[in-house]
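Chain by chain, the residues run as shown.
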Amino acid sequence: MNPNVYKRKYSTYLKQMMCCGWLVVLFAIGGNCHVHAQNMPQSLSDVKRMWDQKKPRLDGSVDISQIFYGASGTEALRQPYSYLVSGDFTFSMFNLAIPVAFSFTNQNADFQGALPSFDLNQFGIRPTYKSVTLYAGHNSMFFSPYTMNGHIFLGAGVEVRPKGRWSVSALYGRFQKNVTPDSLNTDILPAYRRMGYGTKVRYHFKRRKPAYKEMPEIASKYDKNGDEIVRKPAPPVAPPKSTFSESEDYLEMIYFGATDNVNSLPTLPDSLGVKPEENAVLSARLNKRIGKHWLFESEVASSALTRDKRIETKDPSEDNLFRLTDPIFTRRTSTAYYNAYKASLNFNAQLFTAGVGYERIDPGYRTLGAYFFNNDLENITVNFSTRLFKNKLSITTNLGTQRNNLDDDQLNTLRRGVGSVNVNFMPHPKLNINASYSGFQSFSQIRTRFDQLNQLTPLDRYRDSLKFTQISQNASLNINYELARSRTSQQYLNINGSYQIADNQQSVGNIQTDISRFYNSNVSYSLSIRPLGFNAVVAFDFNQNVAQNLSNRILGPTLMLKKLMLEQKLQSSLTLSQNNSYTDGRLSDSIFNVRWSNGYNVARQHMLSLNAIWLSRTRYEQTTQAAQKASEFTLTFKYTFIL
């Protein structure tokens, strides 16, 4: 045999053995590589290509902030020094993904009055491998609107969505930490330690693909004899047989439970109104496609809520659905039962979507798996949406009637027309108009631009994170117009306004029943000059709140300048804002705000930030108009590591 031929064959065998060895290592690591014998990689380049597609990746960032604070002429609202360490990143390899999020700070003590049972120090991890997702630490899960609906818990959870017809979710953890009463600070409302658990089982009427995306198959372009493989082109993808996805065709059964630990607090006086509660919720959801264009969606939920667990008297005589939960939920004489129903039928065509809906929630319905909940209402609605004029105009409407006092135990019954309309119109590529209106009740955080402008530290957003306002009407208008565009610059004009009516304001620990009206408007002009790396924004803001014959108005201008320097490694911005507050037409506060922000890219993965905020406040006494001046200063150093 020719020595050169022998040498080439030996070299080929050696490469094949090396490839097989690498594949064994890759499979041992956990890769799900669909490599068939006839498509076995034949060279190191094939293995390298496989590794490049499935090698470990770490995406995200970690921030370390050092915050220094000082105040003059007023009481200090926070500690002189605080830190915040936070991160949000994902480790992925083959079919495994592990998202991780955490935040740690020493500001817990300063927030106990506003958020007594809320953890600012949080750590959460959510690894995913193929069709299995695990939750550990601080996380939130969604089962349905009437059961587990976004409440943060500290514990563990799992979601399993394999290929086929079944999928399962489950959770267990602490939903509320105990807060002991403080005789020196009566604003802190005590709370019992609350544990929650639940499970959701879904059955799909049609077999479905796995929830995860299969990694691409790695195959050599040569066969085992060294000849190039001629592959057939992939067949064309057939159009879907229905306008709805297969994931919308299922039956779901849900159980959620939560209970307070009576022994987590000492005996409390009844005057505080804090009692240990226990809750069990059963729910069934059905989504069913009918033909190619119809979709039926429904949910029936029942909630058993025990107002006071300390009442030991059991009530097994109550014959209802919750007798099935007797092994894990104790029905007591203080247990009340509520129901919620929701159903809709929608028709989805190529040019439009239309449907009808019905919703009824019993008075007093609550679930401990949600922070806030609307009840005592019945909605009957019709909906319609379409796109016209080559998608330049889109319209979405939802109209109907709403009534309360479902048990007829109140003196007055409110029946009113409700609805929502959203219109987006783009008559010209330079002009975009969006208008919306909603008359449905909802919970929302009301944060004006003045709240954002006067925010001193990143931690301030947590102070009002659980303060919601129940909105009954909401209207908004946004107009964005491109004034000019060239190769070097852009100019925009933006006008937006909103109007909101709040029936009552709910926050942590107290409930206020009043009617408030909020008016917000903003006009801004922006200029961008790309060769100079320069941006400028000039804006004027107006906000008015009218409640109980008391009017409060805030208005003022804002100027923002931003510049890229040092080969675009340094971004520096300066923001100046002045806003005056008027109460019943008399000047009550005047706030001047200076913000200087700098971010420098030290290297590809490292960024340093320096932010300084100086806020000067002048408060005027209403009768004498005597001025009281105060100022606050915040300096924040932040290091960001980009993974």
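Only a predicted model underlies this, so the values are computations on that prediction, with no experimental measurement involved.

Participant: Explain the overall build of the protein here, please?
Facilitator: Secondary structure assignment for the protein yields 4 helices and 28 strands. Looking at the protein alone, contacts between residues at least 24 apart form 59% of all its contacts between residues at least 6 apart. For the protein, the accessible surface area stands at approximately 35700 Å², while carbon and sulfur atoms represent 58% of it.

Participant: Is there a simple way to explain a nonpolar patch on the surface in this structure?
Facilitator: A surface patch of nonpolar side chains, about 640 Å² in accessible area, is lined by Ile-290, Trp-294, Leu-345, Val-356, Val-382, Leu-399, Val-421 and Tyr-437. Among the structural elements, Trp-294 can be located in strand β12 (residues 294-306).

Participant: Would you mind going over the side chain of Asn-543 with me for this structure?
Facilitator: Locating Asn-543 in the fold gives a position in strand β23 (residues 534-547). Exposure remark for Asn-543: the relative accessible area of 7% places this residue in the buried category. At a separation of 2.4 Å, a polar atom in the side chain of Asn-543 contacts the side chain of Asn-520.

Participant: Is there a simple way to think about the environment of Arg-165 in this case?
Facilitator: As for its placement among the helices and strands, Arg-165 is situated in strand β8 (residues 164-176). Remark: the alpha-carbon pair of Arg-165 and Tyr-203, spanning 38 residues in sequence, is separated by 5.5 Å. Beyond its immediate sequence surroundings of up to four residues, Arg-165 is in contact with Arg-202, Tyr-203, His-204, Phe-205, Lys-206 and Arg-207.

Participant: What exactly am I supposed to notice about the environment of Lys-130 here?
Facilitator: As for its position among the elements, Lys-130 is in the loop between β5 (128-129) and β6 (132-142). A relative accessible area of 23% places Lys-130 in the partly exposed class. Between the C-alpha atoms of Lys-130 and Val-160, which are 30 residues apart in sequence, the distance is 9.2 Å.

Participant: Any chance you could explain the side chain of Thr-306 here in plain terms?
Facilitator: Residue placement: Thr-306 occurs in strand β12. A polar contact is formed between the side chain of Thr-306 and the side chain of Thr-335, at a distance of 2.7 Å.

Participant: So what exactly am I meant to see when it comes to the pattern of salt bridges here?
Facilitator: Should the charged atoms of two oppositely charged side chains come close, the side chains can pair. According to the stated counting rule, one finds 16 salt bridges in the structure shown. Glu-252 serves as the salt-bridge partner of Arg-285, at 3.3 Å between the closest nitrogen and oxygen. Remark: Glu-252 occurs in strand β10 (residues 250-261) and Arg-285 occurs in strand β11 (residues 278-290); sequence separation between them is 33 residues. Residue Arg-285 shares its accessibility class with Glu-252, and that shared class is buried. The structure contains a network of salt bridges with shared partners spanning Lys-200, Arg-202, Glu-252, Arg-285 and Glu-299.

Participant: When you look at the confidence of the model for the protein in this model, what are you seeing that I'm missing?
Facilitator: Looking at the protein as a whole, the pLDDT averages 80, with 75% of positions reaching at least 70. Mean pLDDT across the secondary structure elements of the protein bottoms out at helix α1 (residues 3-29), with 42, and peaks at β10, with 95. Here residues 505-512 is modelled with pLDDT under 50, and outside its nearest four sequence neighbours on either side it reaches 20 contacts, counting other chains as well.

Participant: Can you walk me through the nonpolar core in this structure?
Facilitator: One recurring pattern in soluble globular proteins is that nonpolar side chains are buried together. One finds Tyr-146, Met-148, Leu-171, Ile-361 and Tyr-365 to be the most contacted residues of the largest nonpolar core, which totals 22 residues. Among the secondary structure elements, those contributing two or more residues to this core are β6, β8, β10, β12 and β13 (335-348). Considering each element in turn, this core owes the most residues, 3 residues, to β10. Contacts of Met-148, omitting those with residues within four sequence positions, involve Met-141, Phe-142, Phe-143, Phe-153, Leu-171, Phe-175, Phe-256 and Gly-369. Within the second largest apolar cluster, 6 residues are counted, among which are Tyr-255, Ala-280, Phe-322 and Phe-329.

Participant: How should I be thinking about unusual backbone geometry in this particular structure?
Facilitator: Most peptide bonds adopt trans geometry, and most residues besides glycine take a negative phi value. You will see that Asp-376, though not glycine, has its phi angle at about 55 degrees, which is positive. Tracing the chain through its elements places Asp-376 in the loop between β14 (352-361) and β15 (377-388). For Asp-376, a relative accessible area of 12% puts it in the buried group. Of note, Asp-584 is a non-glycine position whose phi angle comes to about 50 degrees, a positive value. Tracing the backbone shows Asp-584 in the loop between β25 (570-583) and β26 (586-603). Here Asp-584 falls in the partly exposed class, since its relative accessible area comes to 47%.

Participant: How do you make sense of the pairing of β25 when you look at a structure like this?
Facilitator: In the sheet, strand β24 (residues 550-565) pairs with β25 via 12 bridges, with the strands oriented antiparallel. Considered in β25, the bridge of Ile-554 is made with Ser-581. Taking the residues that link successive antiparallel strands as the turn, the β24-β25 hairpin has 4 residues, and the phi of Leu-566 there is positive, at about 55 degrees. The sheet contact formed by β25 and β26 spans 14 bridges and is antiparallel.

Participant: Hey, could you run me through the packing of aromatic side chains in this one?
Facilitator: Note on aromatic pairs: each is described by the distance of the centres and the angle between the planes. Counting across every chain of the model gives 18 aromatic pairs. Through a chain of ring-to-ring contacts, the aromatic side chains of Phe-89, Phe-102, Phe-104 and Phe-123 assemble into a single cluster. Directly above the aromatic system of Tyr-69 lies the positively charged group of Arg-78, at a separation of 5.1 Å from the ring centroid. Between Lys-288 and the ring centre of Phe-205, over which it is positioned, the NZ or CZ distance is 5.5 Å.

Participant: What is the right way to read the pairing of strand β1 (residues 57-72) from this model?
Facilitator: Consecutive side chains of a regular strand alternate in pointing toward one face of the sheet and then the other. Where β1 meets strand β2 (residues 81-93), 12 bridges bridge the pair, whose relative direction is antiparallel. Looking at the pairing, Phe-68 lines up with Tyr-81 of β2. In the sheet, β1 pairs with strand β28 (residues 627-642) via 12 bridges, with the strands oriented antiparallel. Along β28, the bridge assignment pairs Asp-63 with Thr-640.

Participant: Just to check I follow, could you spell out the environment of Thr-335 for this structure?
Facilitator: Along the chain, Thr-335 turns up in strand β13. Classification of Thr-335 by relative accessible area gives buried; the value is 10%. As a C-alpha pair, Thr-335 and Thr-306 span 29 residues in sequence and 4.0 Å in three-dimensional space. In contact with Thr-335, other than residues within four places in its own chain, are Ala-304, Leu-305, Thr-306, Phe-329 and Thr-330.

Procedures and definitions
Per chain, residue numbering runs from 1 following the sequence as it is written. Where totals are concerned, whole chains, interfaces and linings use all residues; where local detail is concerned, this predicted model gives features only for residues with pLDDT of at least 70, and gives and counts side-chain atom pairs only at 80 or more. Where side-chain values are given, they derive from all heavy atoms of the structure, hydrogens and water being excluded. Strands are runs of DSSP state E lasting at least two residues, helices are runs of H or I lasting at least four, and both sets are numbered from the N terminus onward. We call two residues in contact whenever any of their non-hydrogen atoms come within 4.5 Å of each other. Computed by Shrake-Rupley with a 1.4 Å probe, the accessible areas treat only the displayed protein chains as cover when residues are assessed. Two distance rules govern patches: like charges are joined within 9 Å, and nonpolar side chains (Val, Leu, Ile, Met, Phe, Trp, Tyr) within 5 Å, applied only to residues with over 30% relative accessible area and no salt bridge. The rule for a salt bridge is simple: a side-chain nitrogen of Lys or Arg has to be within 4 Å of a carboxyl oxygen of Asp or Glu. Three exposure classes are used, based on accessible area relative to the maximum for each residue type with a 1.4 Å probe and protein chains only: buried under 20%, partly exposed in between, and exposed over 50%. Under this definition, polar contacts are N or O atom pairs within 3.5 Å; protein pairs additionally need one hydrogen-donor-capable and one acceptor-capable atom, and for neighbouring residues in sequence, both atoms have to be side-chain atoms. For every residue, the predictor states its confidence as a pLDDT score lying anywhere from 0 to 100. What we call a nonpolar core is a set of buried Ala, Val, Leu, Ile, Met, Phe, Trp, Tyr and Cys residues that are connected through their side-chain atoms within 4.5 Å. Strands are treated as partners if at least two bridges between them are detected by DSSP. Note on aromatic pairs: the rings of Phe, Tyr and Trp (six-membered ring only in Trp) are paired at centre separations within 6.5 Å, and the planes decide the class, stacked below 30 degrees, edge-to-face beyond 60, tilted for the rest. Criterion for a charge above a ring: Lys NZ or Arg CZ within 6 Å of the ring centre, and within 35 degrees of the ring normal.

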